[in-house]
Amino acid sequence: MAGRINDDDVKAVRDAVPIDAVVSEYLQLRNAGGGNLKGLCPFHDEKSPSFQVSPSKGLFHCFGCQEGGDTIAFVMKIDHLSFSETVERLAAKAGITLRYEEGGYNPSHQRGERIRLIEAHQAAAEFYVRALESPEAEIGRTFLAERGFDQEAATHFRVGYSPAGWDHLTRYLRGKGFSDKELITSGLSQDGRRGPIDRFRGRLMWPISDTAGDIVGFGARKLRDDDNGPKYLNTPETPVYKKSQVLYGIDLAKKDIAKASRAVVVEGYTDVMACHLAGVTTAIATCGTAFGNDHIKILRRLLMDNGSARVIFTFDGDSAGQKAALRAFEDDQKFAAETYIAIAPDGMDPCDLRLVKGDDAVRDLVEPRTPLFEFALRQIVGRYDLETPAGRAAALDEAAAVVAKIKTSSVQREVAVQLAGLVGILDQEFVVRRVAQLARWARDKGGDHGDRGGRGGPQGRGQRAGAPQQAAPAFSGPALNLRSPAHRTERELLKLALQKPALVSPAFDAYGVDEFTAAPYAAVRRCIEEAGGAEQGITDDRAYLGAVLDAAPDNTARNLVTELAVEVFHGRTIDETYAGMHLVHVRLRAVDRRIADVQSSLARLGNHVAPQDLAAAQNEVWVLQQYAQTLRAHGAAAL
């Protein structure tokens, strides 16, 4: 081992690297008065800044979660490093050569794992950049030129090229002192028949950096037709690279994001390049994964959730881009910033738009125009025939559940009013009440959730007490009345969702948990929802079932999921017709239950109901009756 780092060197590192400079690499800091700075704490979620930094003292402290310490403590916690790894990293930043108590300087093979992996990626990036100048890389330079990127642009973004041979990079890094184990762990190399070989070969290479600016991975674009790999190949998950926690371009964009309180989320590496070269220097992109929670946390720390913060998504206009936008809307409420969507004319991405219409068109594209919630609702409503009562009812049914997820009541009401206009329902208050009702059901975890049939809803985790009579506090196996047609149908539909998700998706994912009248089945439906929906099982059924099992609140629910996932179907032919029949029966029973409940409530109230409430209830019954009639007449086509 190298031994203990000299105490004087540790002190020199602390003094040489200002804490505010280090912290600013991860979050936006603002004046807090008294010489202190403040920002959103990176160690816990918060809406208002309770994290403070004292540059004069070299300390930080969060008054929310009580984390605190000096520069070394901050880097250790945020990057999950050991003490020696942190000191080594900061020393390299300050240009300080460390001494060790046992004598001598720090040999490279004794440095911490993270430091070594970062150094390997930095060396690889330099290798790739030089390789882009080689005759072999002509195809890569042509690719860039055809998309409007010259040598200066390639240099700015450190774009490189991976030679087509088996082990060019591997041999180069070995020569730099990196071990085979480090090369495999880093994801730069992979096991071959005779030892490590290059993971990336014959591709255009983009280095992916973390917020601090360290290169942690690469994105590689296919260039040749004889390359049988995917169009884009990213670094695998490693100790330093987690695709859900990195944003391409964040190292270049973070200062302008903080300064402008605005971030532009695009879909690819060339889109980031095009935006930055056009003057939109707040553009970033995800790396082979959907925009999610960890990405939101990164941006929130930079935007600091002030009232003027904006996040603009520029998804392609095709169906995949629209699905990406809807996924982003699912997480919209985790931002305090306002979110917008921008889709270029003819569905062009920013790279194509710059090439065809110039920089001005890219800058104009990302000017906020359409709120993300409005786009999402229009996409949902647009799937239905609003000329028919059944179509309006179905559109309202799906879209209201989305609006109900909005946490701020005033915003929720405002969006509900807009939804009424989109669907074409004149009674705005009816829509507002419907949305508020769905929101209450979602919040009410322990009591009667209600559903379209007014029955007891599903029981959440640890909420067995106080459940409706028909749901036992804990169930063993089905614990149901399988003579009930409703229970049999619900069970068969859940089996379809678990075993043959392609037959019921995407319709099944629009079904509310409360459409399943049996509490055990409602619990399974909730597990599927928390796992991302049945749609997740179309591409990778093993990972999908694993996610459903992971979402189970206890062993009883987990056992039921397993049981439904292996149980034989009742039907002889399991096809779209069979799936559609069960989808319709479950939905139709829910609609009929809701109609009966509303009519029963009106009968109980008699003449004591307010005129406006009576009108709203009658309107709801009429809409539901039309929808039920359409379901009976047209089956799954009406879903």
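As the structure is a computational prediction, the values presented were derived from the model and not from experiment. (Residues numbered from 1 in each chain as written. Predicted model: local features only at pLDDT ≥ 70, side-chain atom pairs only at ≥ 80, totals over all residues. Heavy atoms only, no water.)

Undergrad: Can you tell me about helix α6 (residues 138–146), naming the residues and giving the values?
TA: If you check which residues of α6 are buried, you get Gly140, Phe143 and Leu144. All buried residues of α6 lie within an arc of 95° about the axis, which places them on one face of the element. Close packing links the buried residues of α6 with α7 (151–156), β9 (203–209), β10 (215–222) and α11 (269–277). Directly after α6, the chain includes Gly148, whose backbone phi takes a positive value near 85°. (Buried < 20%, exposed > 50% of the residue type's maximum accessible area, 1.4 Å probe, protein only. Helix = DSSP H or I, 4+ residues; strand = E, 2+ residues; numbered from the N terminus. Arc of directions from axis to C-beta. Contact = heavy atoms within 4.5 Å.)

Undergrad: So what's going on with the sheet that holds β10? Residues and values would help.
TA: Strands sit in the order β6-β9-β10-β11 across an open sheet of four strands; the sheet is antiparallel. Every other strand in the sheet has two partners, leaving β6 (160–162) and β11 (232–234) as the edge strands with one partner each. Strand after strand, the sheet turns through a mean of 35° between neighbouring axes, direction not considered. Bridge count for β10 against β11 is three bridges, and the pairing is antiparallel. Each residue of the ladder has a partner; that of Gly219, found in β11, is Asn234. Across the face of the sheet, α6 comes into contact with β9 and β10 while running at roughly 70° to β9. (Pairing = 2+ DSSP bridges. Axes fitted to C-alpha atoms, helices over the stretch in contact; angles between N-to-C directions.)

Undergrad: Run through the sheet that holds strand β1 (residues 30–33), naming residues and quoting values.
TA: Hydrogen bonds along the backbone pair up the strands of a sheet, which may run parallel or antiparallel. Overall, antiparallel pairing links the five strands, which are arranged β1-β2-β3-β4-β5 in an open sheet. The sheet is open, and its two edges are formed by β1 and β5 (68–70), each paired on a single side. The average angle at which neighbouring strand axes cross in this sheet is 25°, direction not considered. Alignment of strand β4 (residues 59–62) against β5, held across three bridges, turns out to be antiparallel. In the strand pairing of β5, Leu59 is matched with Asp70.

Undergrad: Provide a residue-level description of unusual backbone geometry, including the pertinent values.
TA: Cis rather than trans, the peptide bond between Ser505 and Pro506 has omega equal to 10°. The phi torsion at Ser261 lies on the positive side, around 55°, for a residue other than glycine. Mapping Ser261 onto the fold places it in the loop between α10 (250–260) and β12 (262–266). Taking relative accessible area as the criterion, Ser261 reaches 5% and is therefore assigned buried.

Undergrad: Could you give an account of empty space enclosed by the protein, naming the residues involved and the relevant values?
TA: Throughout the structure, instances matching the rule amount to three cavities of 30 Å³ or more. Its boundaries defined by the atoms lining it, the largest cavity holds a volume of some 150 Å³. Lining the largest cavity are twelve residues, with Ala393, Leu396, Asp397, Arg434 and Leu624 positioned closest to its centre. Where the lining of the largest cavity is concerned, the elements lending two or more residues are α17 (389–403), α19 (428–443), α25 (576–605) and α26 (611–634). In terms of residue count, the dominant contributor to the lining of the largest cavity is α26 (four residues). Grouping the constituent residues of the lining of the largest cavity by class yields seven nonpolar, no polar and five charged. (1 Å grid on protein atoms, 1.4 Å probe; cavity = no way out; pocket = protein on both sides within 12 Å on 5 of 7 lines; lining within 4 Å. Points joined across faces, edges and corners; volume = space filled by probe spheres on them. Nonpolar A, V, L, I, M, F, W, Y, C, P; charged D, E, K, R; others polar.)

Undergrad: Give a description of the packing of helix α20 (residues 485–499) against helix α22 (residues 519–530) that names residues and reports values.
TA: Viewed as axis vectors pointing N to C, α20 and α22 meet at an angle of 20°, and their least axial separation amounts to 10 Å. Classified by the interaxial angle, the pair formed by α20 and α22 is roughly parallel. Remark: the crossing between α20 and α22 carries left-handed chirality. Where α20 abuts α22, its residues His487, Glu490, Arg491, Leu494, Ala497 and Leu498 lie against Tyr521, Val524, Arg525 and Ile528. Broken down by class, the residue content of the contact of α20 with α22 amounts to six nonpolar, one polar and three charged. (Parallel < 35°, antiparallel > 145°, perpendicular 65-115°, else oblique. Left-handed = near helix turned anticlockwise from the far one by under 90°.)

Undergrad: Hey, could you go over the layout of surface pockets for me, with residue numbers and the actual values?
TA: Of the voids in this model, the second largest pocket is the one considered here, and its volume is about 840 Å³. Lining the second largest pocket are 33 residues, with Ile78, Asp79, His80, Gln245 and Arg301 positioned closest to its centre. At the level of elements, α3 (71–79), α5 (113–131) and α12 (293–303) are the ones that each hand at least two residues to the lining of the second largest pocket. With five residues, α12 is the largest single contributor of residues to the lining of the second largest pocket. Across the lining of the second largest pocket, the residue classes break down as 16 nonpolar, four polar and 13 charged.

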